[in-house]
Amino acid sequence: MERHSRKEDKEREYFRVDDTAMLEYLPILPEYVDEVVKNFNQSIMTIDAAPASIEEHFEFCISHVEHNNPNIARCLRILNNKINSLSREDRKESGTDYNISKHSRQEINISANGLAFYTSQVIPNHTILEIYLTLLPEHETLYMLGTVTRTERFFTPELCRYYTAVEFTHVHPCDQKKLMKHSLDTQKMLITQEREKKRH
């Protein structure tokens, strides 16, 4: 049973879905890559040092609350997401000359192992990115590192865009599980919406 569960989890890592999210990405200059990776690993060690994983303990507790008081559970989840977002904001590097790209909402293709999105400027293959991905409607910001693996140019009458694929190289296991769950939930929602359209 455990082996079957692990196989399903592995398959879900590569499950991809088209989605809309808030995205910020920060190209890392080669001379800063080692420092950024070191800081990421240190932040992960700090999180993992918490007793029995704070997130897993929170989910265990909230599941009991959710059964009897779903509204209270929802409020607690929103509060927890806000705290996580503030925590990740503290990890951002300050005082650099990097160009950070910010988008209020952007169409992406997402899985637990990577994402793809459109950019107005080409990002060379093998570029290391710091990524801040805010899932919707949860409004939960995840922090990860990734490498650009593919860039394709698309022309339209109005502009030229680049479809950029990124493979995650550093992501916390808890965040990866959240990405898997979010992808599956999004797929279920899209299927439900499609069925509703066919009924009308």
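Located above this text is the structure these notes cover.
Each value, and the rule that gives it
Residues numbered from 1 in each chain as written. Predicted model: local features only at pLDDT ≥ 70, side-chain atom pairs only at ≥ 80, totals over all residues. Heavy atoms only, no water. Helix = DSSP H or I, 4+ residues; strand = E, 2+ residues; numbered from the N terminus. Contact = heavy atoms within 4.5 Å. Areas by Shrake-Rupley, 256 points an atom, 1.4 Å probe, with all protein chains shown as cover. Patch = residues over 30% accessible without salt bridge, like charges linked within 9 Å, V, L, I, M, F, W, Y side chains within 5 Å. Salt bridge = Lys/Arg side-chain N within 4 Å of Asp/Glu carboxyl O. Buried < 20%, exposed > 50% of the residue type's maximum accessible area, 1.4 Å probe, protein only. Polar contact = N/O pair within 3.5 Å; in protein donor to acceptor, adjacent residues only side chain to side chain. Expected span 1.5 Å × (residues − 1). Phe/Tyr/Trp six-rings, centres within 6.5 Å; stacked < 30°, edge-to-face > 60°. Lys NZ or Arg CZ within 6 Å of the ring centre and 35° of its normal.

A.B. asks: How would you summarise the overall build of the protein chain if you had to cite specific residues and measurements?
C.D. replies: Secondary structure assignment for the protein chain yields five helices and six strands. Restricting to contacts in the protein chain with at least 6 residues of sequence separation, those with at least 24 account for 71%. As presented, the protein chain carries roughly 13,200 Å² of accessible surface, and 54% of it is formed by carbon and sulfur atoms.

A.B. asks: Talk me through a nonpolar patch on the surface; I want residue IDs and the actual numbers.
C.D. replies: Side chains of Ile-72, Leu-76, Leu-79 and Ile-83 sit close together on the surface and give an oily, nonpolar patch of about 360 Å² of accessible area. Its place among the elements puts Ile-72 in helix H4 (residues 70-89). Assessed through its relative accessible area of 44%, Ile-72 is described here as partly exposed.

A.B. asks: Could you give an account of the side chain of Thr-127, with specific residues and numbers?
C.D. replies: Secondary-structure assignment places Thr-127 in the loop between strand S3 (114-119) and strand S4 (128-135). Taking relative accessible area as the criterion, Thr-127 reaches 16% and is therefore assigned buried. A polar atom in the side chain of Thr-127 sits 2.7 Å from the backbone oxygen of Pro-124. Once residues within four sequence positions are removed from consideration, Thr-127 is found in contact with Pro-27, Gly-146, Thr-147 and Val-148.

A.B. asks: With reference to specific residues and values, describe helix H5 (residues 173-199).
C.D. replies: Its 27 residues give H5 an end-to-end C-alpha distance of 40 Å, which sits within 8% of 39 Å, the value for a rise of 1.5 Å per residue. Looking at H5, one finds that the buried residues are Cys-174, Asp-175, Gln-176, Lys-178, Leu-179, Met-180, His-182, Ser-183 and Thr-186.

A.B. asks: Any details on the pattern of salt bridges? Residues and values, ideally.
C.D. replies: The tally for this structure, following the rule as stated, stands at four salt bridges. The closest approach of N and O atoms between Lys-178 and Glu-140, which form a salt bridge, is 2.6 Å. A residue pair is termed long-range when its members are at least 10 positions apart, and Lys-178 in helix H5 and Glu-140 in strand S5 (residues 140-155) qualify at 38 residues. Each member of the pair, Lys-178 as well as Glu-140, is classed as buried. A salt bridge links Asp-175 to Lys-178, with the shortest nitrogen-to-oxygen separation between them at 3.9 Å. Of this pair, Asp-175 and Lys-178 both sit in helix H5, separated by three residues, roughly a single helical turn. Residue Asp-175 is classed as buried on the basis of its relative accessible area of 1%. Residue class for Lys-178 comes out buried when judged on its relative accessible area of 19%. Each of Glu-140, Asp-175 and Lys-178 takes part in a single network of salt bridges with overlapping partners.

A.B. asks: Give a description of the packing of aromatic side chains that names residues and reports values.
C.D. replies: The description of an aromatic ring pair rests on the distance of the ring centres and on the angle between the ring planes. Throughout the structure, instances matching the rule amount to six aromatic pairs. Ring geometry for Tyr-118 and Phe-154: centres 6.0 Å apart, planes at 75°, overall edge-to-face. Placement of the pair is Tyr-118 in strand S3 and Phe-154 in strand S5, with a sequence separation of 36 residues. Overall, Phe-154 belongs to the partly exposed group, its relative accessible area being 35%. Ring-pair connections join several aromatic residues into one group, and the members of that group are Phe-40, Tyr-132 and Tyr-143. Above the ring of Tyr-118, the side-chain terminus of Arg-161 is found at 3.8 Å from the ring centroid.

A.B. asks: Please give an account of unusual backbone geometry that cites residues and values.
C.D. replies: Looking along the chain, the bond that leaves Leu-136 and enters Pro-137 is cis, with omega of 10°. Within the secondary structure, Pro-137 sits in the loop between S4 and S5. The backbone of His-126 sits at a positive phi, close to 75°, despite the residue not being glycine. Residue position: His-126 is located in the loop between S3 and S4. Judged by relative accessible area, His-126 falls into the exposed class, the value being 67%.

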